[in-house]
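The lines below spell out each chain.
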Amino acid sequence: MPRSAPSGLSIPAAPDAPAARRAPGLRTLLTLLTFVLSALGAGGLVALRSEQIDREARAAAGELNLQQAVGVAAAIDTDLGRFGSELLAQAQLVEESGALRQPVLLQALMNGLQAQPSHAWAGVTDAHGKVLAASAGRLVGMNVAGREWWGAAQDRLHYGDVHEAELLQRLLPALQAGEPWRFIDLSAPLREDGQLAGVVAVHLSWPWLRERIELFARAIPTRDAQLFITGSDGRQRLGPVGALGDALPLHVLAEEVPRGWRVQRWPDGRDYVTAWATSPGSTPFAGFGWVTLVRTPLQALELAHAGLHHGVWTAAVLTVLLATALAWTLSTYFLRLLARFVERVHRIAEGAEVPPPSRRLPAELARIDEVLQALMGRLHGQALRAGEARDVFLAQMNHEVRTPLNAVIGLSRLLGQMELPDKALRYVREIEQAGQRLLALATGALERSHRTDGGARLRHEVFELPALLDAAREAVEPEARRKRLGLKLDLAPELPPRLRGDAFQLRRLLLGLLAHAVRVTDHGDVSLRVRHVPLAAGQQQLLLQLEVPAAGGLAADNPAAQADGPVPRAHGAFEQGLARVRRLARLLGGTLAVEDEPGRGAVLQVSLPFDAAA
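Residues numbered from 1 in each chain as written. Predicted model: local features only at pLDDT ≥ 70, side-chain atom pairs only at ≥ 80, totals over all residues. Heavy atoms only, no water.

### Let's talk about the packing of aromatic side chains
Here is the rule we go by: To pair, rings of Phe, Tyr and Trp, with the six-membered ring standing in for Trp, must have centres within 6.5 Å; the planes then decide the type, stacked if under 30 degrees apart, edge-to-face if over 60, and tilted in the middle. The buried label goes to any residue with under 20% of its type's maximum accessible area, the exposed label to any with over 50%, and the partly exposed label to all in between, with areas taken from a 1.4 Å probe on protein chains only. Numbering of helices and strands runs from the N terminus; a helix is a DSSP stretch of H or I covering at least four residues, while a strand is a stretch of E covering at least two. When the NZ atom of lysine or the CZ atom of arginine is within 6 Å of a ring's centre and also within 35 degrees of its normal, the charge is said to sit over that ring.
Taken as a whole and judged by the stated rule, the model has 11 aromatic pairs. Taking the centre distance of 6.3 Å and the plane angle of 35° together, the rings of Trp181 and Phe183 count as tilted. The same class applies to Trp181 and to Phe183, which are both buried. Aromatic side chains Phe463 and Phe610 sit 5.8 Å apart centroid to centroid with 75° between the ring planes, which places their arrangement in the edge-to-face category. Placement of Phe463 in strand S11 (residues 461-464) and of Phe610 in strand S17 (residues 601-612) is noted, with a sequence separation of 147 residues between them. Phe610 matches Phe463 in its accessibility class, with the two residues each being buried. Aromatic ring contacts, followed pair by pair, group Tyr159, Trp206, Phe285, Phe288 and Trp290 into a single cluster. The ring of Phe83 has Arg82 sitting right over it, with the charged end atom 4.5 Å from the ring centre. When the ring centre of Tyr272 is taken as reference, the NZ or CZ atom of Arg295 above it lies at 4.1 Å.

### Some words on the pattern of salt bridges
Worth spelling out the cut-off: The rule for a salt bridge is simple: a side-chain nitrogen of Lys or Arg has to be within 4 Å of a carboxyl oxygen of Asp or Glu.
All chains considered together, the criterion is met by 16 salt bridges. Note that Asp233 is salt-bridged to Arg237, the shortest N-O span being 3.1 Å. Of the residues examined, Arg237 reaches a relative accessible area of 9% and is grouped as buried. Three or more residues are tied together by salt bridges with common partners; here these are Asp79, Arg82, Glu86 and Arg212.

### Side note on the sheet that holds strand S1 (residues 119-126)
Selection criterion: By this definition, two strands are paired if DSSP reports at least two bridges between them. Between N-to-C directions, angles cover 0 to 180 degrees, with each direction set by a line fitted to C-alpha atoms, over the stretch in contact for helices. In what follows, residue pairs with any heavy atoms lying within 4.5 Å of each other are defined as contacts.
Strands sit in the order S2-S1-S5-S4-S3 across an open sheet of five strands; the sheet is antiparallel. Lying at the two open borders of the sheet, with one neighbouring strand each, are strand S2 (131-134) and strand S3 (158-164). Geometrically, the sheet is characterised by an average inter-axis angle of 25° between neighbouring strands, direction not taken into account. Relative to strand S5 (residues 195-205), strand S4 (residues 182-192) runs antiparallel, the two sharing 10 bridges. Looking at S5, one finds that Leu186 is bridged to Val202. Sheet contacts for helix H1 (residues 26-97): S1, S3, S4 and S5; angle to S4, the most-contacted strand, approximately 35°. Docked against the sheet, helix H2 (residues 103-114) engages S1, S2 and S5, running at close to 155° with respect to S1.

### Thoughts on the packing of H1 against helix H4 (residues 206-219)
What counts here: The labels follow the angle: roughly parallel below 35 degrees, roughly antiparallel above 145, roughly perpendicular from 65 to 115, and oblique for the rest. Crossing handedness follows the turn of the near helix against the far one: under a right angle anticlockwise gives a left-handed crossing, and clockwise gives a right-handed one. Amino acids are sorted into nonpolar (Ala, Val, Leu, Ile, Met, Phe, Trp, Tyr, Cys and Pro), charged (Asp, Glu, Lys and Arg) and polar (every other residue, Gly among them).
The geometry of H1 relative to H4 is characterised by a closest axis approach of 9 Å and an angle of 140° between their N-to-C directions. Judged on the interaxial angle alone, H4 and H1 are oblique. Where H1 crosses over H4, the handedness of that crossing is right-handed. Contacts between H1 and H4 involve Gln68, Val72, Ala75, Ile76, Asp79, Leu80, Arg82 and Phe83 from the first element and Trp208, Leu209, Arg212, Ile213, Phe216 and Ala217 from the second. Among the residues making up the contact of H1 with H4, the classes are represented as 10 nonpolar, one polar and three charged.

### Let's talk about helix H11 (residues 503-520)
Selection criterion: Under the convention used throughout, the expected extent of a helix is 1.5 Å for every residue step, that is, one less than its residue count. For the purposes of these results, a polar contact is taken to be a pair of N or O atoms within 3.5 Å, where, inside protein, one atom must be able to donate a hydrogen and its partner to accept one; residues adjacent in sequence count only when each atom of the pair is a side-chain atom.
The end-to-end C-alpha distance of H11 is 26 Å, a good match for the 26 Å that 18 residues give at a rise of 1.5 Å each. With 18 of 18 residues buried, H11 lies mostly within the body of the structure. Here H11 starts with a cap whose side-chain oxygen sits 3.1 Å from the backbone nitrogen of Phe504, and that cap is Asp502.

### Side note on the environment of Trp121
Mapping Trp121 onto the fold places it in strand S1. A relative accessible area of 0% places Trp121 in the buried class. Spatially, the C-alpha atom of Trp121 lies 8.3 Å from that of Ala201, the residues being 80 residues apart in sequence. Once you skip the residues sitting within four places of it in the chain, Trp121 turns out to touch Gln114, Val131, Ala134, Ser135, Arg138, Leu139, Trp149, Leu168, Ala201, Val202 and His203. Polar contacts involving the side chain of Trp121 include one to the main-chain carbonyl oxygen of Arg138, which spans 3.1 Å.

### Remarks on the side chain of Asp126
Test applied: Think of it this way: Lys and Arg go in the positive column, Asp and Glu in the negative one, and His and the chain ends go nowhere.
One can find Asp126 in strand S1. An unpaired buried charge is present at Asp126: no salt bridge exists, and Lys130, the closest side chain of opposite charge, is 6.1 Å distant. Among the polar contacts listed, one links the side chain of Asp126 to the backbone nitrogen of His128, at a separation of 2.9 Å. Polar contacts involving the side chain of Asp126 include one to the main-chain amide nitrogen of Lys130, which spans 2.9 Å. Among residues more than four places away in sequence, those in contact with Asp126 are Leu132, Trp150, Ala197, Gly198 and Val199.

### As for the pairing of S11
Only one face of S11 is covered, namely the one carrying Glu461 and Phe463; the face carrying Val462 and Glu464 has none of its residues buried. Alignment of S11 against strand S13 (residues 498-501), held across four bridges, turns out to be antiparallel. Looking at the pairing, Phe463 lines up with Leu499 of S13.

### Re unusual backbone geometry
Across the junction of Thr283 and Pro284, the peptide omega takes the value 5°, indicating a cis bond. Turning to its location among the elements, Pro284 is positioned in the loop between strand S9 (271-278) and strand S10 (291-297). Despite not being glycine, Ala136 has its phi angle at roughly 60°, a positive value. With respect to the element layout, Ala136 can be found in the loop between S2 and helix H3 (148-151).

### With respect to the sheet that holds S9
Ordered by their spatial adjacency, five strands build an open sheet running S7-S6-S10-S9-S8, and the pairing between neighbours is antiparallel. Two strands in the sheet have a free side with no partner beyond their single neighbour: strand S7 (236-238) and strand S8 (259-265). Taken over all neighbouring pairs, the strand axes of this sheet differ in orientation by 30° on average, direction set aside. Strand direction decides the pairing type here: strand S6 (residues 226-230) and S10, joined by five bridges, are antiparallel. Across the sheet, residue Phe228 finds its bridge partner in S10, namely Leu293. Each of S6, S8, S9 and S10 is contacted by H1, which is oriented at about 35° to S9, the strand it contacts most. The sheet strands contacting H4 are S6 and S7, and the helix crosses S7 at an angle near 75°.

It is worth stressing that arrangement in space is one thing and function is another; only the former is reported here.
Following this line, the structure appears as structure tokens:
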């Protein structure tokens, strides 16, 4: 039900703050907060995702590098084990054929070994170290008893780690780019009747074995990886950078586990995904203690996955922008709802008619709407009761204060016209002046109360007309009974029971009419007739006709009997009440007409427009 703001209750508009001090709007704050939170969240997720990408890339590179390291180490061991087995078979052939005593056969056997590209040199010595036969006749007749490979092969098969050639360096064809010849030595003892009869040996070509290793590595491809071999002495055996014998102290990796991978800092100061695998050997080769290393630069992995990182950052930026745009849109939508709700609250507070709340209104705001309407209803009821109490108080004040004051002033004037001593006459004038001051104070209070009616806003509510009329009559009935007056209320049978309009102001008007009519009437009946005239568009013209007996005294001093003109000041309380009724009638969009006939009394007729209620 629409209501107006209770009298004295106002909803002030918030003053606009200076532009320099105006705080950011709620939409800006929500959008900024969403941007900051989404940026922080997206940044955290990007960091986690980037770390995951790097971790997966390192794991993939590490596993692939490990496959290559294990494969190359196994291939080297297999080849060296095969060469050892072949050398043992050759030694057995020499022993069984008696080739040590057949120089031509022995030379033929050595030439056959020389035919293999893996063999840089092959030869046989006697028990004293003298070369009996050799491939291409190199070193024949020389004593090699001082060579490590000869002394180590006295009782078993011997493998010698890669080393640079000494005796054969000048006898073998020169290698490209001036590279020196390097060998891996294999030697085995020759026996006759259980005694050492000589040594058979081959020098495996390191350039050939190096190409073989590169072939093995290409069989298990990696991306941007480099292959190294380091010995148990921490010296490089093979690698794309550095030279044989350079320090490469990464053999310690194999001391923890024989094979694996991790991010390792190399002697050059850079970090690499490094995989390693030890050389376990292959029968009859027991292994050199080599560690095969395969490394991939971290920088190469980062470049290879830069596209993924860029995609992650792009997705994060788009997510932040989308979240910010969504926050702006949702906050705009919500603030529009809130603005409409605030406007609705103002309309409720001002008493304007408001439709039922929209279904799109959030449940919380709908609940606040219900509470506000209930609160305004309570305040409205309190205001109505306060207004009625004020009207009754003003009516009583008008009678109880102004009437005695008028009597005091009138008697003082009469006394002032009598022949009195000067001192008594001075006292009478002071009494009259004091009464005038009190009357002015009372009149000023009444006028200030009347001026508050001008700022009232009309309400549009459905009310029960008979109940409102009965309430007005009951409010002045005690005063009428005290003065032994009759108070009649005559309602037309066809009068609509329900009207729509400002019941509060109508109640004040009725109280003003009845209270002042009773106050100026000494005997007889005060009669209020209520009629209505149907108008167009569902409106009703409500006619209030109040009859005051001639004893009320209005006819004697109101010959003009004017409808909307000023009321003469001589009539005291009735004139003040009549002026207030006229103001209320104008406020309600109606008129007041006064008919005063000598000897018959006064008739006041108020016409008020109201809408018919369904």
